[in-house]
Amino acid sequence: MKDIHIGIIGGTGGIGRWFADFFRKEGFTVSVAGRHTEVTPSGIAAQCQVVVVSVPIDVTVDVICEIGPQLKREQLLMDFTSLKEEPMAAMLGLSVAEVVGCHPLFGPDVISLAGENIVLCPGRGERWFNCLKDLLETRKARVVVTTPRVHDDMMAVVQGLTHINTIAFGLALKELNIDRETQDSFSTPVFRAKKKFMEKIFSDHHGLYVDMIMRNPNKYRIVEAYKQVVAEIERMIAAEDSAGLNQRIVDASTIRQHIP
């Protein structure tokens, strides 16, 4: 398998670059195409047995539309997108290649795959899927095999709910109009941790997190649950119902189930 040529479209940054380095260390030949490389997406499609799409969510389908029809049956087309239903449908509909949806559930700051979760969605064919799964598991990744629909449903919770909460936290801080120096002077470790994550969301890459929310077909269910809970907390605060809020937390706690 070491003589395989892997091409990553979007492999010059983020998770694409991480996997370009990973595959090279595994002994594969790797080519990358980015906005400023001589290698083009079409060049990747023509040269590589494995073609990986690792671009922002909003242009993923556009890239698949460009390169999908160029691929042959013996090639593998896969993606690293954080949503799966739309890209998988595009890869299956616009190519005859084998198809695997892949979502690494970590960022480019991790050192190795050991202990990290990676979702695989089988699309078409078994040969490449089995090779990929074996490689990831050999490097101690925790591989979850599921459908695009289940994946996107879970990402609405794991990513969507997390980012909605973080954006609400940041916007509320803005509304409170407390200057940074005062915030820092009164901050606790928990506040600093929350603020650090919030600042990551509000960085130059905020569009990525917005797309994770907006493009997930299950977003309305998550937003409705969030609204209901905030409204419930508001009612308890208005009624000064400390006992009710305490009981609500106890009822919702999963940690208590594991305490002897």
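Before going into details, it helps to say that this report is about the structure given with it.

About the cut-offs
- Residues numbered from 1 in each chain as written.
- Predicted model: local features only at pLDDT ≥ 70, side-chain atom pairs only at ≥ 80, totals over all residues.
- Heavy atoms only, no water.
- Helix = DSSP H or I, 4+ residues; strand = E, 2+ residues; numbered from the N terminus.
- Buried < 20%, exposed > 50% of the residue type's maximum accessible area, 1.4 Å probe, protein only.
- Contact = heavy atoms within 4.5 Å.
- Areas by Shrake-Rupley, 256 points an atom, 1.4 Å probe, with all protein chains shown as cover.
- Lys, Arg positive; Asp, Glu negative; His and termini not counted.
- Charge placed at Lys NZ, Arg CZ, Asp CG, Glu CD.
- Expected span 1.5 Å × (residues − 1).
- Core = buried A, V, L, I, M, F, W, Y, C linked by side-chain atoms within 4.5 Å.
- Arc of directions from axis to C-beta.
- Salt bridge = Lys/Arg side-chain N within 4 Å of Asp/Glu carboxyl O.

## Details of the overall build of the protein
- Helix and strand counts for the protein come out as 11 helices and seven strands.
- With respect to the principal axes defined by its C-alpha atoms, the protein has extents near 65 × 40 × 35 Å.
- Looking at the 260 residues of the protein, the share that counts as buried comes to 41%.
- Pairs at least 24 residues apart make up 64% of the contacts formed inside the protein by residues separated by at least 6 positions.
- Accessible surface, the protein as shown: approximately 15200 Å² in total, 57% of it carbon and sulfur.
- Within the protein, the 32 negative side-chain charges are centred at a point lying 3 Å from the centre of the 29 positive side-chain charges.

## Some points on unusual backbone geometry
- The phi dihedral of Asn177 falls on the positive side, at around 55°, and the residue is not glycine.
- With respect to the helices, strands and loops of the structure, Asn177 is situated in the loop between α6 (148-176) and α7 (180-186).
- Judged by relative accessible area, Asn177 falls into the exposed class, the value being 68%.
- The phi angle at Glu240 is positive, at roughly 50°, despite the residue not being glycine.

## Quick notes on the side chain of Asp211
- Mapped onto the secondary structure, Asp211 falls in helix α9 (residues 206-214).
- Look at Asp211 and you get buried, because its relative accessible area is 17%.
- For Asp211, the contacting residues outside a window of four places in its chain are Ile57, Asp58, Leu83 and Asn216.

## Examining helix α1 (residues 14-25)
- Between its terminal C-alpha atoms α1 stretches 17 Å, which fits the 16 Å expected from 12 residues at 1.5 Å a residue.
- Buried within α1 are the following residues: Ile15, Gly16, Trp18, Phe19, Ala20, Phe22 and Phe23.
- Immediately downstream of α1, the backbone of Gly27 shows phi near 100°, a positive value.

## Details of the nonpolar core
- Membership of the largest hydrophobic core comes to 31 residues, with the highest contact counts inside it found for Phe19, Phe23, Met78, Leu113, Ile118 and Leu120.
- Elements with a minimum of two residues in this core: β1 (5-9), α1, β2 (29-33), β3 (50-53), β4 (76-79), β5 (98-104), β6 (117-124) and α5 (127-138).
- In this structure, Phe23 is in contact with Ile6, Ile8, Phe28, Val30 and Leu135, ignoring residues within four places of it in sequence.

## Some thoughts on helix α4 (residues 85-94)
- Taken together, the buried positions of α4 are Pro87, Met88, Ala90 and Met91. Seen along its axis, α4 keeps its buried residues to an arc of 160°; they face one direction. Opposite the buried face of α4, by more than 90 degrees, sit the exposed residues Ala89 and Gly93.
- Of the surrounding secondary structure, the elements contacted by the buried residues of α4 are α3 (57-67), β4, β5, β6 and α6.

## Remarks on the pattern of salt bridges
- Summed over all chains, the structure comprises 11 salt bridges.
- We note a salt bridge from Glu224 to Lys227, for which the minimum N-O separation is 3.6 Å. Highlighted residues: Glu224 and Lys227, both in helix α10 (residues 219-238), separated by three residues, approximately one helical turn.
- For Glu224, a relative accessible area of 37% gives the class partly exposed.
- Between Glu232 and Arg248 there is a salt bridge whose closest N-O contact spans 2.7 Å. Here Arg248 lies in helix α11 (residues 242-252) and Glu232 lies in helix α10, a separation of 16 residues in the sequence.

Purely spatial values, then, with no claim about function.
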